[in-house]
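# Summary of structural features
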Amino acid sequence: MTTMTSPRGRRRAPTRIERAAGRAAALQKPRVILALLLLLALTCVMLLDGYLRAEVGGDERVRDGASSSEVPEKILDGGPILTFRGGQATSVSVPDKTIALTFDDGPNPTWTPQVLKILQENDVPGTFFLVGSMVSRYPGIVKTMVEQGNEVGIHTFTHVDLSYQSGARVDREMEQTQLALAGAAGITTTLFRAPYSSETDAIDNYSWPVYKRLGEDGYTSVFVDTDSDDWKRPGVSKIIQWATPSGTDGASVLFHDAGGERSQTIEALPKYIKMMKAKGYTFTTISGVMQKDEAAARSAAKTGTSTGAAAGTDAAAGAAAAGATGGQPTGTPPNGVGGTTGGTTGSTTSGLQAAHRQATGATLYEGKALIAAVAVAEWTVPVLSVGLMVVGVAVMGRFGMMLILARRHYRQRNRRRFGWGPTVTRPVSVIVPAYNEKECIANTLKSLAQSTHPIEIIVVDDGSTDGTSEIARAAAESLGMTNVRVVRQENAGKPAALNNGVRSASHDIVVMMDGDTVFEPDAVHQLVQPFADPEVGAVAGNAKVGNRNTVIGAWQHIEYVMGFNLDRRMYDLLRCMPTIPGAIGAFRRDAVLEVGGMSEDTLAEDTDITIAMHRAGWRVVYQEHAKAWTEAPGSLKQLWSQRYRWSYGTMQALWKHRKSLTDKGPSGRFGRVGMPLVVIFQIVTPVFAPLIDVFTVYSMIFIDFRAALLAWLAVLAVQLTCAAYAFRLDREKYRYLLMMPLQQLAYRQMMYLVLIHSCITALTGGRLRWQKLKRTGEVGTPAGASR
């Protein structure tokens, strides 16, 4: 870092802001990246949550009535358990007097625990076909389910009809559910039941290839013999009746532990279990059915039962063994998760159900990562939803306050009898801090030469290297201005330049402006009239964008008229004006010196001095008739730089004056009224406002485009109403409002990122230096400013 050397050769020590500039510059790019990453993370969390709720990628199509001409008859007429061994399809039936209780669509935090309790109390196992998205949301229930000795199978991840899906989607549905099971209970499974499936005779030409594909991957597909149809909520007696197999037939019986209101299922289930036990039925899992079938086949083979029967049973035994061990031709269970079988029971050495495999390695850790990510999404999205409502209420509340108070302010200040007191006619000092303003300084002085109020002009050249001071002297001479003084100083920043000007001022009122700003002829006269009231210590003028004929300029013009000026009217009535604009503001000289002058502690010296004036007991007001034209940033890069400095500087100023929250008197009044309003309306609400846009885009893409679009247009209409009213109060032409929809789509998003960037800088303790924007000098005298 270089230091300035004075003409005498002495080296000036850098200011605190300059000392931090090098460190801050190195940190800016990472902070921008971090801000973008935060928005990306928010989007990813929302997409994950939407995927879990089938809002993203959901497919509600269900195939019905398709032909089954390509499905083997033995499968259509066979048992409810379908396995593939060496590519050969085989079905297994449930033995007589045996019930395999199966439950679909869970887990559910309300109903599944009640089902588990009933099964445990009755010493009955169940086979639960779980939806992966629900598993990832409620992993604790699944862990309890497995530890209790129940069996689990896959019911896809998002409960879609796989006959409509691509091969890649089918694989993804299975793999993601396996990961969810691994993360929740440390296991994977070989069992599968397709959503919307029923008995085997419902298999059609579209679903058959899916079952074959999954069978080749080692999955056993499970159907039903008896459906309780409990999802129809027909009544407890009907559920029990429909779930009861005829005669002594065994059955795979379907209940639901999720997917709707299941109180009838909870009431019917224990009655059904007791009734079937009384009839001599035993209860087992799907793997238990296959083990019984395997044992029967082996027993028949040993006793030399009829050769034909033995051959048929051997096929079933092979199929049963395949299902019990994972059924893959290569002997590798699904997803490559290893598992060993022991003896003839088909259970693993670790005591798992035969269809379960211990998850290890990458599968286990990926599963845990999935569960953790879902937990974050499950916690984050509701919080963001609450934040969205709060932001929405705050935004609408702000609009309402601005409209009501701005109208009141306008009517109060424009009454025919309104006045601040005796007309202020005494001379005032105008301070123009300038750093490399060769393009603008002449126009600035030209506008001041037309002032209708007696003034002295002090141009403080803050170490310019482009001949600003020489241009200022030449302009003053050519205009015949004998009331201009040019003061040169080493480059020390804008606050130091303003303080130098205040010390050099000859009059008790000082007007401060930027070196790129031009005043209307009566701007100074209008600006100083409030000082007729001895309680007024500072006055904010009406800054307007001069270069408004570009897209960026038009966006800023809307922002200046609607945001800044409506806000100032509101804050004026509430007596908590947070900022005197640097482009046009006036102060009592003694009041400025009383609060210590313009401070270098923050980047927003105008906000800092304004809050200090409030705390010192002075009143700060807004004078709408004092108009000045300023050159707004002409590129997105310059705009980002300026607004970054503004927003970060505002945070610094608020933090500096935080003790006002507990002070008494005027300081406490600002702390308890002005400070919360500024924090809510200028920091918290804008920081979280992107939620509105993110949720809107999300809703348009994945939920209801029409409803989301109408909601966005309604908000835009409210904003347009506020903007139109602001333009009316300022007597601006409405044609610029045509740019407002585009402003909401592009400009506002940039302002969000700037503010988030500033928050990250504040949280990481970064510092910035006062930055010089590139000027073109295109804003000339007010008469030439385009309206």
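By convention here, each chain's residues receive numbers from 1 onward along its written sequence. The predicted origin of the model limits local features to residues at a pLDDT of at least 70 and limits the giving and counting of side-chain atom pairs to 80 or more, whereas totals for whole chains, interfaces and linings rest on all residues. Each side-chain value is worked out from all heavy atoms of the structure, with water and hydrogens disregarded.

### Let's talk about unusual backbone geometry
- Residue glycine 106 is joined to proline 107 through a cis peptide bond whose omega torsion reads 0°.
- Relative to the helices and strands, proline 107 is located in the loop between strand 3 (98-106) and helix 3 (112-121).
- Of note, the phi angle at aspartate 105 is positive, near 80°, even though the residue is not glycine.
- Counting from the N terminus, the helices are the DSSP runs of H or I reaching at least four residues and the strands are the DSSP runs of E reaching at least two. Along the chain, aspartate 105 falls in strand 3.
- The cut-offs for exposure are 20% and 50% of the maximum accessible area for each residue type, with area from a 1.4 Å probe on protein chains only; residues under the lower value are buried, those over the upper are exposed, and the others partly exposed. Of the residues examined, aspartate 105 reaches a relative accessible area of 15% and is grouped as buried.

### Let's talk about the pattern of salt bridges
- Counted as salt bridges are all cases of a side-chain nitrogen of Lys or Arg within 4 Å of a carboxyl oxygen of Asp or Glu. According to the stated counting rule, one finds 23 salt bridges in the structure shown.
- The closest approach of N and O atoms between aspartate 514 and lysine 494, which form a salt bridge, is 2.7 Å. Note that aspartate 514 is positioned in the loop between strand 16 (509-513) and strand 17 (518-519) and lysine 494 in helix 15 (residues 494-504), a separation of 20 residues in sequence. An identical accessibility class is assigned to aspartate 514 and lysine 494; each is buried.
- Among the salt bridges present, the one from lysine 494 reaches glutamate 605, with a minimum N-O distance of 3.7 Å. Taken together, the residues lysine 494 in helix 15 and glutamate 605 in helix 19 (residues 605-615) connect sequence positions 111 residues apart.
- Ionic contacts of the salt-bridge type, sharing partners, join the residues Lys544, Arg548, Arg569, Glu624, Asp730 and Glu732 into one network.

### A few points about the sheet that holds strand 18 (residues 536-545)
- Note on pairing: two strands pair once DSSP finds at least 2 bridges between them. Spatial ordering of the open sheet is given by 15-14-13-16-19-18-20-17, a layout of eight strands whose pairing is mixed. In the strand order of this sheet, the two ends are held by strand 15 (484-489) and strand 17, each with one partner.
- Bridge count for strand 13 (residues 428-434) against strand 16 is three bridges, and the pairing is parallel. Across the sheet, the residue bridging to valine 430 is valine 511, located in strand 16.
- Whether two residues are in contact is decided by their heavy atoms, any of which lying within 4.5 Å being enough. The axes are straight lines fitted to the C-alpha atoms, using for helices just the contacting stretch, and the angles between their N-to-C directions are given from 0 to 180°. Where helix 14 (residues 468-478) meets the sheet, it contacts strand 13, strand 14 (455-462) and strand 15, and its direction lies at approximately 175° from that of strand 15.
- Contacts from helix 17 (residues 551-574) reach strand 18 and strand 20 (619-630) within the one sheet, and its direction differs from that of strand 18 by about 155°.

### Here's the deal with the packing of aromatic side chains
- When the centres of two rings from Phe, Tyr and Trp lie within 6.5 Å, Trp using its six-membered ring, the rings pair. Their planes under 30 degrees apart give stacked, over 60 give edge-to-face, and anything left gives tilted. This structure, assessed with the given rule, holds seven aromatic pairs.
- Between phenylalanine 418 and tryptophan 420, the aromatic rings sit 5.2 Å apart at their centres with planes inclined by 80°, giving edge-to-face as the arrangement.
- The exposure class of phenylalanine 418 is partly exposed, given its relative accessible area of 26%.
- One aromatic cluster is present, built from ring pairs that chain together Phe103, Phe128, Phe255 and Tyr272.
- Arginine 63 extends its terminal NZ or CZ atom over the ring of tyrosine 206, reaching a point 3.8 Å from the ring centre.
- Positioned over the ring face of tyrosine 736 is arginine 548, at 5.7 Å from the centre of the ring. To sit over a ring, a charge needs its Lys NZ or Arg CZ within 6 Å of the ring centre and within 35 degrees of the ring normal.

### Side note on a negative patch on the surface
- Residues qualify for a patch when their relative accessible area is over 30% and they have no salt bridge, like charges being joined within 9 Å and the nonpolar side chains of Val, Leu, Ile, Met, Phe, Trp and Tyr within 5 Å. Surface exposure here means Shrake-Rupley accessible area, sampled with a 1.4 Å probe, where a residue is shielded only by the protein chains that are shown. His is not counted, nor are the chain ends; Lys and Arg add positive charge and Asp and Glu add negative charge. Every charge is mapped to an atom, namely NZ of Lys, CZ of Arg, CG of Asp or CD of Glu. Among the surface-exposed residues, Glu73, Asp77, Asp96, Glu199, Asp201, Asp225 and Asp249 lie close enough to one another that they form a single negatively charged patch.
- Along the chain, the position of aspartate 225 falls in the loop between strand 8 (220-222) and strand 9 (226-227).

### Details of the side chain of threonine 285
- Tracing the backbone shows threonine 285 in the loop between strand 11 (282-284) and helix 10 (286-302).
- What makes threonine 285 buried here is its relative accessible area of 4%.
- Polar contacts, as counted here, are pairs of nitrogen or oxygen atoms within 3.5 Å of one another; within protein the pair requires one atom able to donate a hydrogen and one able to accept it, and residues that are adjacent in sequence qualify only if both atoms are side-chain atoms. Here the side chain of threonine 285 touches glycine 288 through a polar contact of 3.0 Å, landing on its backbone nitrogen.
- Leaving out residues up to four positions away in the same chain, threonine 285 has contacts with Ala100, Pro125, Gly126, Thr127, Glu151 and Gln353.

### Quick look at the confidence of the model for the protein
- Note on scores: pLDDT gives the predictor's confidence for each residue, bounded by 0 and 100. Per-residue confidence for the protein averages 83 on the pLDDT scale, and 84% of its residues sit at or above 70.
- Scored below 50 in pLDDT, residues 306-350 makes 86 contacts in the model with residues more than four places away or belonging to other chains.
- Note on residues 781-787: pLDDT under 50 across the span, and 20 contacts to partners over four residues away in sequence or across chains.

### Concerning a nonpolar patch on the surface
- Taken together, the side chains of Val386, Met389 and Val390 define a hydrophobic patch exposed on the protein surface, amounting to about 290 Å² of accessible area.
- Mapped onto the elements of the fold, valine 386 is located in helix 12 (residues 361-413).
- A residue is classified by how much of its surface remains accessible, and valine 386, at 45% relative accessible area, is partly exposed.

### Brief notes about the nonpolar core
- To qualify as a nonpolar core, a set must consist of buried Ala, Val, Leu, Ile, Met, Phe, Trp, Tyr and Cys residues joined through side-chain atoms within 4.5 Å. Of all hydrophobic cores here, the largest spans 60 residues; its most connected members are Ile99, Leu101, Leu119, Phe192, Phe255, Leu269 and Tyr272.
- The element contributing the most residues to this core is helix 9 (residues 263-278), with six residues.
- Dropping the residues within four chain positions of it, leucine 101 is found in contact with Leu119, Val124, Pro125, Gly126, Thr127, Val253, Phe255, Leu269, Tyr272, Ile273, Phe283 and Thr284.
- By size, the runner-up hydrophobic cluster in this structure holds 57 residues, among which are Val391, Ala406, Ala497 and Leu677.

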